[in-house]
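Here is how the chains run, residue by residue.
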Amino acid sequence: MEFAKRLQPLQSNVFAEMDKAKAKALAAGRQLIDLSLGSADLPAASHVVDAIAQSLYDHSTHGYLLFHGTQAFRQAAAQWYKQKFGIAVDPETEVLPLIGSQEGTAHLPLAVLNPGDFALLLDPGYPSHAGGVYLASGQIYPMPLRAENDFLPVFADIPAPVLAQARMMVLSYPHNPTSAIAPFSFFKEAVAFCQQHNLILVHDFPYVDLVFEEKEIGNSGEIPNRKSLVPSILQADPEKTVSIEFFTLSKSYNMGGFRIGYAIGNPKLINALRQVKAAVDFNQYRGILNGAIAALVEPQDIVKTSVEKFRQRRDAFVNALHRIDWHVPIPKATMYVWAKLPEPWSQNSMEFCTQLVENTGVAISPGAGFGKFGEGYVRFALVHEPPILETAVSRIAEFL
């Protein structure tokens, strides 16, 4: 049996190897502390669950849901963006419901790339960004993220022949896995660069709310009346000339398993993605959209509570690492800690992670799984309460 060549780049998956290592540790009787997956352990809000539960008894929600039937959700999403970022959004032409933001980043390349076209991706970066390009038979140009550049790409380093053949750039800040944030000035630079080189600018934005510090942007007029370290790409491109942004309710509202998000941005890009989506699937169950509407329009207490929980976990975990002389920067956003490996593991993140879980039961993600320039690092997901995180660090200390 022969398979398509486009599957070949998808066969190498270090996370599958980590799953094997975790299974081996469990078989050996290890008590697993899994810090390898960014799946929040916190519950969705009760009013969200209630909205979904009530929908179950309404038989009109049981059928297929086409685009027109998502209108109330699209209106709620547009209003959420208007309130948060001051960006006017047309819910009819500039919003598209998605099965999480990953559907958007994976399917958009099918709408904009021809075989052989380049996509400019962050390295390290989220694996589905690359997977969508491979499925579209595109080529990837990795934009290295280095600590000395605050884990931001340097656009001037992209070769001219690559730019001539490139069609899209994918950014994602706050960033998974490095937890880096990008200032508004960087987004302005990215928009201008993409306009100059006729590139589509894609911004994957799942961690918009998981931010631990706030400050005034200043009186420059760049982002008036905002106190966020993490601007939307649409604030840098308010006319939506080249940009599309993907948001998911997975992180902000602890709804990862409900698989609900949306795309927002340039209407031509929204329509193109809608065409791909129409060929692949229908929309989610209407009850899930009703829950998502409740999340977006009702009080945002759960967001504040979740952020505070992750702040406490971050502080406890980083302090514990520092006590064992593993010094890492304190992340300003996301649910992750990105840590440079100590010697003698500095260039073998996969071996470090597999041996760690097999010997201690602590599972983390190897930096190499996020790209070539992730080697030398590991990612910790803060998906347990502080006492368990501190226990994990104690086990790591014994291993080291």
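- If you check an unreviewed UniProt entry, the chain appears there as Succinyldiaminopimelate aminotransferase from Fischerella thermalis CCMEE 5268.

## Concerning the side chain of lysine 22
Here's step 1: With respect to the helices and strands, the residue lysine 22 is situated in helix 1 (residues 14–27).
Here's step 2: A distance of 3.0 Å separates a polar atom in the side chain of lysine 22 from a polar atom in the side chain of aspartate 34.
Here's step 3: Non-local contacts of lysine 22, meaning those with residues more than four positions away in its chain, are made with Leu32, Asp34, Ser36, Leu37, Val357 and Ala363.

## A closer look at helix 11 (residues 286–297)
Here's step 1: If you check helix 11, its first and last C-alpha atoms are 16 Å apart, about what twelve residues at 1.5 Å a residue would give, namely 16 Å.
Here's step 2: Within helix 11, nine of the twelve residues are buried, which leaves it mostly tucked inside the rest of the structure.
Here's step 3: Restricting attention to buried positions, one finds in helix 11 the residues Gly287, Ile288, Leu289, Gly291, Ala292, Ile293, Ala294, Ala295 and Leu296.

## Here's the deal with the sheet that holds strand 5 (residues 166–171)
Here's step 1: If you walk across this open sheet you meet the seven strands as 2-8-7-6-5-3-4, and the pairing is mixed. With one partner strand each, in any of the chains shown, strand 2 (95–98) and strand 4 (139–144) form the two edges of the open sheet. For this sheet, the mean inter-axis angle between neighbouring strands, taken without regard to orientation, is 20 degrees.
Here's step 2: Pairing of strand 7 (residues 243–248) with strand 8 (residues 261–265) involves five bridges; the strand directions are antiparallel. Residue phenylalanine 246 lies in a different strand from strand 8, and its bridge partner there is alanine 263.
Here's step 3: Where helix 7 (residues 184–196) meets the sheet, it contacts strand 5, strand 6 (200–204) and strand 7, and its direction lies at approximately 170 degrees from that of strand 5.

## Regarding the packing of helix 4 (residues 101–112) against helix 10 (residues 267–280)
Here's step 1: For the pair helix 4 and helix 10, interaxial distance at closest approach is 9 Å and the crossing angle is 105 degrees. Taken as axis vectors, helix 4 and helix 10 run roughly perpendicular relative to one another. Two secondary-structure elements touch here, helix 4 through Glu103, Gly104, His107, Leu108, Leu110, Ala111 and Val112 and helix 10 through Leu269, Ala272, Leu273, Val276, Lys277 and Val280.
Here's step 2: Residue composition of the contact of helix 4 with helix 10, by class: nine nonpolar, two polar and two charged.

## Observations regarding the pairing of strand 9 (residues 336–340)
Here's step 1: Strand 9 sits mainly inside the fold: four of its five residues count as buried.
Here's step 2: For strand 9 and strand 12 (residues 377–381), the ladder comprises five bridges, and the chain directions are antiparallel. Residue tryptophan 338 lies in a different strand from strand 12, and its bridge partner there is arginine 379.

## Details of the pairing of strand 2
In summary, the side chains of a regular strand alternate between the two faces of the sheet.
Here's step 1: Side chains Val95 and Pro97 project from strand 2 onto one buried face, and the interleaved Leu96 and Leu98 project onto a second face that is buried too.
Here's step 2: With four bridges connecting them, strand 2 and strand 8 associate as antiparallel partners. If you follow leucine 98 over to strand 8, its bridge partner there is glycine 261.

## Some thoughts on the domain arrangement of the chain
Here's step 1: Under the domain assignment used here, the chain contains domain 1 (5–43 + 302–399) and domain 2 (46–297).
Here's step 2: Here the C-alpha centroids of domain 1 and domain 2 sit 25 Å apart.
Here's step 3: Listed as interface residues are 30 residues of domain 1 and, on the opposing side, 31 residues of domain 2.
Here's step 4: When domain 1 packs against domain 2, the two sides together hide about 2,800 Å² of surface, and 65% of this comes from carbon and sulfur.
Here's step 5: When the buried surface of domain 1 facing domain 2 is broken down by residue, Lys332, Thr334 and Phe373 rank first, second and third, together holding 24% of it.
Here's step 6: On inspection of domain 1 and its partner domain 2, the count reaches zero salt bridges.
Here's step 7: Summed over the shared surface of domain 1 and domain 2, the number is twelve residue pairs in polar contact (both at pLDDT 80 or more).
Here's step 8: Looking at the side of domain 1 that touches domain 2, the elements with two or more residues in it are helix 12 (301–323), strand 9 and strand 12.
Here's step 9: Of the residues forming the side of domain 1 that touches domain 2, the biggest block, seven residues, is contributed by helix 12.
Here's step 10: Partitioning the side of domain 1 that touches domain 2 into residue classes produces 18 nonpolar, six polar and six charged.

## Some words on the pattern of salt bridges
Here's step 1: The tally for this structure, following the rule as stated, stands at 14 salt bridges.
Here's step 2: Among the salt bridges present, the one from glutamate 358 reaches lysine 24, with a minimum N-O distance of 3.9 Å. Placement of glutamate 358 in helix 13 (residues 349–360) and of lysine 24 in helix 1 is noted, with a sequence separation of 334 residues between them.
Here's step 3: Overall, the relative accessible area of 52% leaves lysine 24 in the exposed class.
Here's step 4: Two residues, lysine 277 and aspartate 281, come together in a salt bridge whose shortest N-O distance is 2.9 Å.
Here's step 5: Judged by relative accessible area, which is 5%, lysine 277 ranks as buried.

Rules used in this analysis
- Residues numbered from 1 in each chain as written.
- Predicted model: local features only at pLDDT ≥ 70, side-chain atom pairs only at ≥ 80, totals over all residues.
- Heavy atoms only, no water.
- Helix = DSSP H or I, 4+ residues; strand = E, 2+ residues; numbered from the N terminus.
- Polar contact = N/O pair within 3.5 Å; in protein donor to acceptor, adjacent residues only side chain to side chain.
- Contact = heavy atoms within 4.5 Å.
- Expected span 1.5 Å × (residues − 1).
- Buried < 20%, exposed > 50% of the residue type's maximum accessible area, 1.4 Å probe, protein only.
- Pairing = 2+ DSSP bridges.
- Axes fitted to C-alpha atoms, helices over the stretch in contact; angles between N-to-C directions.
- Parallel < 35°, antiparallel > 145°, perpendicular 65-115°, else oblique.
- Nonpolar A, V, L, I, M, F, W, Y, C, P; charged D, E, K, R; others polar.
- Domains from an automatic or database assignment.
- Buried area = accessible area lost by both parts, 1.4 Å probe.
- Salt bridge = Lys/Arg side-chain N within 4 Å of Asp/Glu carboxyl O.

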